[in-house]
Amino acid sequence: SVDLFGEEEEETSSDAIKANNNNHINENLDSNKSDIFNKLEEKISLLSKNMQEGMDQINYVQSLKKEDKKTPEKSSSKPKNDQHKNGKKRSRSPEPLEGQKPAKKIAPAEMKKYKLQLAEDFIQVLIPFKECGTITSKPVFKILARHLTHKVLDKGEFMSRDQIGAITKKFFQKNPGIHSEDAAMRAVKKFQL
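Attention here is on the structure that accompanies the text. Note that the coordinates shown come from a computational prediction; the quantities given were computed from them, not determined experimentally.

**Some thoughts on the pattern of salt bridges**
Close approach of charged atoms allows side chains of opposite charge to pair.
Moving on, step 1. One pass over the structure, following the stated rule, counts one salt bridge.
Moving on, step 2. Between Asp121 and Arg161 there is a salt bridge whose closest N-O contact spans 2.8 Å. Residue Asp121 is located in helix α2 (residues 108-131), and its partner Arg161 is located in helix α4 (residues 161-174); the two are separated by 40 residues in the primary sequence.
Moving on, step 3. Exposure remark for Asp121: the relative accessible area of 6% places this residue in the buried category.

**Quick word on the nonpolar core**
Moving on, step 1. Ile135, Leu144 and Phe171 are the most contacted members of the largest nonpolar core, which has 28 residues in total.
Moving on, step 2. Of all the secondary-structure elements, those providing two or more residues to this core are α2, α3 (138-155), α4 and α5 (181-190).
Moving on, step 3. In this structure Leu144 touches Leu126, Ile135, Thr149, Phe171, Phe172, Ile178, Ala184 and Val188, once residues within four positions along its chain are discounted.

**Digging into the environment of Lys155**
Moving on, step 1. Position of Lys155 relative to the elements: it lies in helix α3.
Moving on, step 2. As for Lys155 and Leu193, which are separated by 38 residues in sequence, their C-alpha atoms are 8.5 Å apart.

Definitions and cut-offs
- Residues numbered from 1 in each chain as written.
- Predicted model: local features only at pLDDT ≥ 70, side-chain atom pairs only at ≥ 80, totals over all residues.
- Heavy atoms only, no water.
- Salt bridge = Lys/Arg side-chain N within 4 Å of Asp/Glu carboxyl O.
- Helix = DSSP H or I, 4+ residues; strand = E, 2+ residues; numbered from the N terminus.
- Buried < 20%, exposed > 50% of the residue type's maximum accessible area, 1.4 Å probe, protein only.
- Core = buried A, V, L, I, M, F, W, Y, C linked by side-chain atoms within 4.5 Å.
- Contact = heavy atoms within 4.5 Å.

Spelled out as structure tokens, the structure:
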């Protein structure tokens, strides 16, 4: 029975409006939950990737340390005093003046320890360049760390972390955009310390 004033029809249409509004609210809630879920998944993925990169760096340094432990240090068979094997006194060259002293060279026994420290220093100095996007990928990071370490080792001189930082800064001033492993190797090869 229909009321002449249309009250039953109004109840039906208001129920439909309420149901429609509830559907929109539920869709918005589902959409918001989905957005939050997606953002959480992205954050978890990013954190996992960063943790994995950190572990790779740690594993690399530890593998270098293991290599160092496997290779026993050889003792020197040279006489330690100023006399030659036949008993004659050795003559030494005079000390150079202060401004003319050459940089301290690395003895072979110290080379392994220094290599580990140098590799760790380069990793620490290069991390900010990776975080700001100057180094675009993990493989490029690894190549730069390895090849710059070897470049400094080939020079045969001790360098502090500050000197390594200055070298790295100079390197990126001359090579601001390195996007591939090949480009990284070429840039290090051309780079003059």
